[in-house]
Each structure stands twice: as C-alpha cells, then as structure tokens.
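Breakdown of the fold
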Amino acid sequence: MAIGNDKEFKAALAGLSVAKQRQVAAAFVQRVFGLSSDVRVKAALEVAARADISEAELTVVSQAANSARVESFTQCGKETDWGAQAGHFVAKAAVACVRPAGEGENLAWDAAMQARMARTCETVATGAGTENREAEEQYRVLDAFMNQ
C-alpha cells in the first residue's frame with residue numbers, strides 16, 4: 001500500500017512498535033542530517049537506527065542530543081539565521097528519535113515533522129521559497145521500511 005497523505009502516514013507510523021518508530025524516524029532524520037554537523041546528533045541517529053538498543057544507551061544519547069538541541073537554539077540568534085534554524089530542527093528531530101516514549105506517543109511522527117521544518121528552513125535560506133517535497137520522500141521511506 002502506497003502512502004499518499006499525512007493521515008495515512010501518521011496512522012501507519014502509530015501502528016509501529018516504539019523500536020520500529022525509532023528506526024524509521026532515524027531514516028527520516030538522516031535525509032536532513034546534512035543540515036547539521038553536530039556529532040551528538042549523528043550518534044543519536046546511529047543508536048536509534050539499531051534494533052538492539054538498550055535503555056542506558058538511549059538515556060545517554062537522548063541527553064547528548066538534547067544538549068545539541070539547546071545549543072543549536074542559541075545559535076539561531078534573534079535575527080533568524082535560517083541555516084542555523086535548520087540545524088536546530090535536525091537536532092529536535094534527533095531528540096524525538098531517542099527520547100523516552102510515553103504511552104501512545106508517536107516518536108516517528110514528531111521526528112518527521114521536525115525534519116520537514118528543517119527542510120523548509122533550508123529552502124528559505126537558499127532562496128528557494130517554502131516549497132519542498134520532504135513529505136512525499138518520507139512517505140516513500142516509510143513504504144520501503146514497511147516492505148522490508
């Protein structure tokens with residue numbers, strides 16, 4: 001089944017286990033990782049992509065990714081630097097991948113939305129406007145993940 005809209009996308013993500021949500025969320029964030037150069041974000045994505053992560057590992061990388069998120073926010077400044085803002089949203093997406101999951105939470109949806117925001121900031125920074133195809137690419141990534 002090909003996913004064609006956000007309603008189907010969100011429902012498909014909600015149907016995944018937390019471990020699978022982390023894995024597909026990491027794939028979404030990998031698509032925009034180039035907008036961030038923070039090694040803590042990279043480490044969080046590497047851990048989230050693994051099926052065999054421990055709670056201790058999640059705790060460590062979650063704290064590190066959150067530190068990256070806080071630092072990236074301060075780099076944006078009050079005169080918005082769209083490139084820095086994109087990096088901030090990448091860090092927020094990485095945090096979504098590795099944060100502790102509450103009952104009924106959709107970590108992958110949160111990561112996907114932050115990744116879309118990162119891509120939008122990138123297109124504004126480059127003067128391309130706000131149109132981008134990140135949602136369609138995420139549908140494709142999820143389709144491929146579910147058909148593995």
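Everything in this summary refers to the structure shown in the same document.

Calculation rules
Every residue gets a number counted from 1 within its own chain, in the order that chain's sequence is written. Only residues with pLDDT of 70 or above have their local features reported here, since the model is predicted, and side-chain atom pairs are shown and tallied only from 80 upward, although totals for entire chains, interfaces and linings are computed over all residues. Just so you know, side-chain values use all the structure's heavy atoms and leave hydrogens and water out. Helix and strand labels come from DSSP, where a helix needs a run of H or I of at least four residues and a strand needs a run of E of at least two; each type is numbered from the N terminus. The rule is simple: take the accessible area with a 1.4 Å probe, protein chains only, and divide by the maximum for that residue type; under 20% is buried, over 50% is exposed, in between is partly exposed. Charge assignment: positive for Lys and Arg, negative for Asp and Glu; neither His nor the chain ends contribute. For this analysis, a salt bridge means a side-chain nitrogen from Lys or Arg found within 4 Å of a carboxyl oxygen belonging to Asp or Glu. In this description, contact between two residues means that some pair of their heavy atoms is separated by no more than 4.5 Å. To qualify as a nonpolar core, a set must consist of buried Ala, Val, Leu, Ile, Met, Phe, Trp, Tyr and Cys residues joined through side-chain atoms within 4.5 Å. Classification of ring pairs uses Phe, Tyr and Trp, with its six-membered ring standing for Trp, and accepts pairs whose centres are within 6.5 Å; under 30 degrees between planes counts as stacked, over 60 as edge-to-face, and the remaining range as tilted. This arc corresponds to the set of directions leading from the helix axis out to the C-beta atoms.

**Concerning the side chain of Arg 22**
Relative to the helices and strands, Arg 22 is located in helix α2 (residues 18-32). Of the side chains bearing the opposite charge, Glu 55 lies closest to the buried Arg 22, which forms no salt bridge; the N-O distance is 5.4 Å. Residues in contact with Arg 22, not counting those within four places in the same chain, are Ala 48, Ile 53, Leu 58, Cys 97, Val 98, Arg 99, Pro 100, Ala 101 and Leu 107.

**Remarks on the nonpolar core**
Grouped together as the largest cluster of nonpolar side chains are 43 residues, with contacts concentrated most on Phe 9, Leu 13, Val 24, Phe 28 and Leu 142. Of all the secondary structure elements, the ones that give two or more residues to this core are α1 (6-14), α2, α3 (39-48), α4 (55-76), α5 (82-98), α6 (107-125) and α7 (134-146). When residues no more than four places from it in sequence are discounted, the contact partners of Leu 142 are Ile 3, Phe 9, Ala 12, Leu 13, Leu 16, Val 24 and Phe 28.

**With respect to the environment of Met 117**
Mapped onto the elements of the fold, Met 117 is located in helix α6. On the basis of relative accessibility, which here comes to 39%, the residue Met 117 falls in the partly exposed class. Sequence spacing of Met 117 and Asp 6 is 111 residues, and the spatial spacing of their C-alpha atoms is 15 Å.

**A short note on the packing of aromatic side chains**
The final tally for this structure, using the stated rule, is three aromatic pairs. An angle of 55 degrees between the planes, with centres 6.1 Å apart, marks the rings of Phe 9 and Trp 109 as tilted. You can see Phe 9 sitting in helix α1 and its partner Trp 109 sitting in helix α6, a full 100 residues away along the chain. Aromatic pair Phe 9 and Tyr 139: ring centres 5.3 Å apart, planes at 55 degrees, arrangement tilted. Placement of the pair is Phe 9 in helix α1 and Tyr 139 in helix α7, with a sequence separation of 130 residues. Under the relative-accessibility criterion, Phe 9 is labelled buried at 0%. Taken together, Phe 9, Phe 28, Trp 109 and Tyr 139 form an aromatic cluster joined through their ring pairs.

**Quick notes on α3**
Where α3 is concerned, the buried positions are Val 41, Ala 44, Leu 45, Val 47 and Ala 48. Across the axial projection of α3, the buried residues extend over an arc of 165 degrees, all falling on one side.

**A closer look at the pattern of salt bridges**
This structure, assessed with the given rule, holds twelve salt bridges. Where Glu 134 meets Arg 31, a salt bridge forms, and the shortest distance between an N and an O atom there is 2.9 Å. One end of the pair, Glu 134, is in helix α7; the other, Arg 31, is in helix α2, with 103 residues separating them in the sequence. Taken together, the shared-partner salt bridges connect Arg 31, Arg 119, Glu 122, Glu 134, Glu 137 and Arg 140 into one network.

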